[in-house]
Amino acid sequence: MAKDKVTIFDTTLRDGEQSAGIGLTTHEKLQIAKQLEMLGVDVIEAGFAASSPGDFQAVDLISKEVRNPIIASLARCVPGDVDSAWDAIQSASRPRIHVFVSSSDVQIMHQLRKNPEEVFDMAVSSVERAKSYCEDVEFSPMDATRTDMDYLYKLLTAVIQAGATTLNIPDTVGYAMPWEFSDRISKIKENVPGIDNVVISVHCHNDLGLSVANSLAAVQVGARQVEGCINGLGERAGNASLEEVIMGIETRQEMLGVSTNIDTRQIYRTSRLVSDITGFTIQPNKAIVGVNAFRHASGIHQDGVLKERTTFEIMDPQSIGWPSSSLVLGKLSGRAGLRSRLEEMGYKLTDSELNQAFKAFKDLADRKREITNADLESLMSSQRRTSDVPNLYTLSSVKVTSGNDSTPTATVTIDNPEGSSIIESSVGTGPVDAVYKAIDKVVQVDNELLEYRVEAVTEGIDAIGDVSIRISKENTIYVGRGSDTDIIVASAKAYMNAINRVLAFN
Ligand code: KIV
Ligand code: ZN
């Protein structure tokens, strides 16, 4: 028997972008949206059009450029928001307006400072207004898990009558337990007339670490849309991590009796892209996409996996597109070999992109004997970064002396936008500090370094180091990433990437 499909609704660009410290440009949002389309998500919530001109522009652009998924814009239950949402999504091949309003007493009273009757009217009239524009209308009673059940039944019944086609039940504050949440969904199914003609959706936050468990518990009792974000981004502790929800469904299909339209082999790539662009690195032991997710440390486990993979692996790493660690290329590999390997990994490059990638590959092969798929993924990320952000300043060289008995000193050579090379030196508290101070003397972009992180992309002494930083300028946060086998060079590249971003977007 054909399995029911669960609609996968991605809100990385809306709820995910609300994560403290994330600020995406329109171009970055479009890149993520295109990758989400490759992943096969059914709905992309591209933003909250009325919230800012930048959000409006991103929703509008994604609606025009990303044609397969449904494109949704969030809107409060006020006429102006619904109108803006429609203006932004009207070019989408499949537009959706998603209206929401608080429904719990605590939020109605203290946040909205209204009464339940007023909220009821706002919800119904906004759904009607959205419906006058667009067939596909989603309604969310915010804080549904702390909302009085009788009020919730009445509200949901009324918005179905007003034309809502998806009813989303958010656990806005991440308060519910899985059994309690599924019980609430079952009760809604029993007590809301007309519910069988609409899709029940869930949107769970992770304040108690239960967002994925709650989402899957809801699927088990009939929810047929799950909302979430790649890498579990989102307000506070985040939303349900979409890759975990998807692989939960995929791995336990028989038990849940449902499937999705997702191409799971795109999961790793999507996760990396989102992490790369947002600068939110992934914890090593994160389910599905953390670097340790498929690593076996204990002898017994290693022995078991070598004898039969399924002894200790419930998922095949290749099913999520995990780059295999087998040796692929080296110093003697040619352009054709690189192209074919990148194509196998899902990259389709133009000749000029291939030329650039090949140059970077040769450069890496001079310093690293064995180049694995993970190295190639990192190399392609660096290529993307350089093509995304105009290189107003280009790092040409960096030299550092440091040690336990000397003052760290750095000299950098940087090509400025006019094409001349500038050399500057500085001392610092450590080699990275010295490099950053030397760069500052050249670029003269006043900023504050908020965060600095370094991680190894692959194993071994010649591993590529991936540096991610966050700087702040005039209350806006800019991310910078850089990779190199030398972590001081990677640090310099990350800083240049962030500085170029500041200059490009100001
Ligand atoms: O968490 C929440 O309740 C939301 C709604 C806007 C759906 O993000
Ligand atoms: Zn949310």
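**Student:** What is the right way to read the site of ligand 1 from this model?
**Tutor:** Taken together, Arg14, Asp15, His98, Phe100, Ser140, Met142, Asn168, Pro170, Thr172, His203 and His205 make up the full set of residues near ligand 1. At 3.0 Å, a side-chain N or O of Asp15 approaches an oxygen atom of ligand 1. For the shell around ligand 1, the secondary structure elements donating two or more residues are strand 5 (95-102), strand 6 (137-142) and strand 7 (166-171). Taken together, the residues that form the shell around ligand 1 break down as three nonpolar, six polar and two charged.

**Student:** Got a minute to help me understand the sheet that holds strand 6 in this structure?
**Tutor:** Pairing between sheet strands relies on hydrogen bonds along the backbone, with the strands arranged either parallel or antiparallel. Read around the barrel, eight strands follow the order 2-3-4-5-6-7-8-9 and close on themselves; strand pairing throughout is parallel. Across the sheet, the mean angle from the axis of one strand to that of its neighbour is 25°, orientation sign disregarded. Bridge analysis of strand 2 (residues 7-10) against strand 3 (residues 43-47) gives two bridges, and the strand direction is parallel. Note that in strand 3 the partner of Phe9 across the bridge is Val43. Contacts from helix 5 (residues 116-133) reach strand 5 and strand 6, with the element oriented near 175° to strand 5.

**Student:** Help me understand the environment of Glu118, please; the structure alone is not making it clear to me.
**Tutor:** Residue placement: Glu118 occurs in helix 5. With a relative accessible area of 37%, Glu118 lands in the partly exposed category. The spatial distance from the C-alpha of Glu118 to the C-alpha of Ile108 is 9.5 Å, given a sequence separation of ten residues.

**Student:** Which parts of the structure should I look at to understand the coordination of the zinc ion (ligand 2)?
**Tutor:** Between any two of four tetrahedral donors, the ideal angle at the metal is 109.5 degrees; between two of six octahedral donors, it is 90 or 180 degrees. Around the zinc ion (ligand 2), the protein contributes the donor atoms Asp15 (OD), His203 (NE2) and His205 (NE2), at 2.0 to 2.1 Å from the metal centre. Within one chain, the residues donating to the zinc ion (ligand 2) are spaced in sequence as D-x187-H-x1-H. In this structure His203 comes out as buried when scored by relative accessible area, which is 5%.

Cut-offs and rules
Residues numbered from 1 in each chain as written. Chains lettered and ligands numbered in written order. Predicted model: local features only at pLDDT ≥ 70, side-chain atom pairs only at ≥ 80, totals over all residues. Heavy atoms only, no water. Near = heavy atom within 4 Å. Polar contact = N/O pair within 3.5 Å; in protein donor to acceptor, adjacent residues only side chain to side chain. Helix = DSSP H or I, 4+ residues; strand = E, 2+ residues; numbered from the N terminus. Nonpolar A, V, L, I, M, F, W, Y, C, P; charged D, E, K, R; others polar. Pairing = 2+ DSSP bridges. Axes fitted to C-alpha atoms, helices over the stretch in contact; angles between N-to-C directions. Contact = heavy atoms within 4.5 Å. Buried < 20%, exposed > 50% of the residue type's maximum accessible area, 1.4 Å probe, protein only. Donors = N, O, S within 2.8 Å, 3.2 Å for Na, K, Ca; no water.

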